[in-house]
Amino acid sequence: MHSFMFRANAVLTFGVTVLALLCCLASVSDNLHHAKPSVDLQILRVESFQRLPNGNDEVKLVLNITADLQSLFTWNTKQLFVFVAAEYATPKNVLNQISLWDTIVERKENATIAQLTRNKYSFVDQGNNLRGLNFNLTMYWNVMPLTGAMYTGKTVVPGLRLPQQYR
């Protein structure tokens, strides 16, 4: 017959092995999830376009932001950080990214976004490079899990253009 310590060791080892296997399966199940968020970004109008006294260009936009991000939520999602950025190139920089709007979504029920808003943060370029500029509007999302690695995704709306003249 086996002693009490031998039996306790066997049961504890089996229990820890089963828990480790369940943790691995849970992690794999979250990686198999493929989200299909839908995003629609529109610029309804350029509210103002001016040259600031310091020589920089500033643009104020009215945005229509519509997104259904519910498919990004799983059992392992703590929250989403969502932001809209304007991306463009200038002679000085290959890529300029300016955050125009952001939000944090903590629940799946709140992951449907429908907002008509002005840009929350200033769209200012260092210099006067914005007149007639082609740019992309991009929505990024960062999925912050309860456990595991954070991942990001994006949707790009290409081919937008700013006016040639200040308003």
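None of the values given here were measured: they were computed from a predicted structure. (Residues numbered from 1 in each chain as written. Predicted model: local features only at pLDDT ≥ 70, side-chain atom pairs only at ≥ 80, totals over all residues. Heavy atoms only, no water.)

Draft legend 1. How the structure looks around the overall build of the protein chain. Along the protein chain, the regular secondary structure elements total one helix and eight strands. Listed by position from the N terminus, the elements making up the protein chain come as α-β-β-β-β-β-β-β-β. If you line up the protein chain on its principal axes, its C-alpha atoms span 90 × 35 × 25 Å. Residues classed as buried in the protein chain amount to 35% of the 167 residues present. For the protein chain, the proportion of contacts with a sequence separation of at least 24, taken over those separated by at least 6, is 65%. Carbon and sulfur atoms provide 57% of the accessible area of the protein chain, an area that totals close to 10600 Å². Looking at charge distribution, the protein chain has the averaged site of its 15 positive side-chain charges lying 2 Å from that of its 11 negative ones. (Helix = DSSP H or I, 4+ residues; strand = E, 2+ residues; numbered from the N terminus. Buried < 20%, exposed > 50% of the residue type's maximum accessible area, 1.4 Å probe, protein only. Contact = heavy atoms within 4.5 Å. Areas by Shrake-Rupley, 256 points an atom, 1.4 Å probe, with all protein chains shown as cover. Lys, Arg positive; Asp, Glu negative; His and termini not counted. Charge placed at Lys NZ, Arg CZ, Asp CG, Glu CD.)

Draft legend 2. Expanded view of the sheet that holds strand E3 (residues 77-88). Spatially, the four strands line up as an open sheet ordered E4-E3-E7-E8, and their pairing is antiparallel. Each end of this open sheet is capped by a strand with a single partner; those strands are strand E4 (96-105) and strand E8 (151-161). Recorded for the sheet is a direction-independent mean angle of 15° between the axes of neighbouring strands. In the sheet, E3 pairs with strand E7 (residues 134-145) via 10 bridges, with the strands oriented antiparallel. What sits directly across from Gln 79, in E7, is Met 144. (Pairing = 2+ DSSP bridges. Axes fitted to C-alpha atoms, helices over the stretch in contact; angles between N-to-C directions.)

Draft legend 3. Local environment of the domain arrangement of the protein chain. Domains assigned within the protein chain are domain 1 (1-32) and domain 2 (35-161). Look at where the C-alpha atoms of domain 1 and domain 2 centre, and you get two points 45 Å apart. (Domains from an automatic or database assignment.)

Draft legend 4. Main features of the packing of aromatic side chains. Per the counting criterion, the structure on display carries five aromatic pairs. Centroid distance Phe 83 to Tyr 140: 5.0 Å. Interplanar angle 15°. Geometry classified as stacked. Here Phe 83 is found in strand E3, whereas its partner Tyr 140 is found in strand E7, with 57 residues between them in sequence. Of the two residues examined, Phe 83 and Tyr 140, each falls in the buried class. Taken together through their ring pairs, the aromatic side chains of Phe 81, Phe 83 and Tyr 140 make up a single cluster. (Phe/Tyr/Trp six-rings, centres within 6.5 Å; stacked < 30°, edge-to-face > 60°.)

Draft legend 5. Up close: the pattern of salt bridges. Tallied over the entire structure, the rule returns four salt bridges. Across the pair Arg 118 and Glu 47 runs a salt bridge whose closest N-O atoms are separated by 2.6 Å. Residue Arg 118 is located in strand E5 (residues 112-118), and its partner Glu 47 is located in strand E1 (residues 38-51); the two are separated by 71 residues in the primary sequence. Given the relative accessible area of 53%, Arg 118 is considered exposed. Residue Glu 47 is classed as partly exposed on the basis of its relative accessible area of 30%. Taking the shortest distance from any N to any O, the salt bridge between Glu 109 and Arg 107 comes out at 3.3 Å. Of the two residues, Glu 109 and Arg 107, both sit in the exposed class. Ionic contacts of the salt-bridge type, sharing partners, join the residues Arg 45, Glu 47 and Arg 118 into one network. (Salt bridge = Lys/Arg side-chain N within 4 Å of Asp/Glu carboxyl O.)

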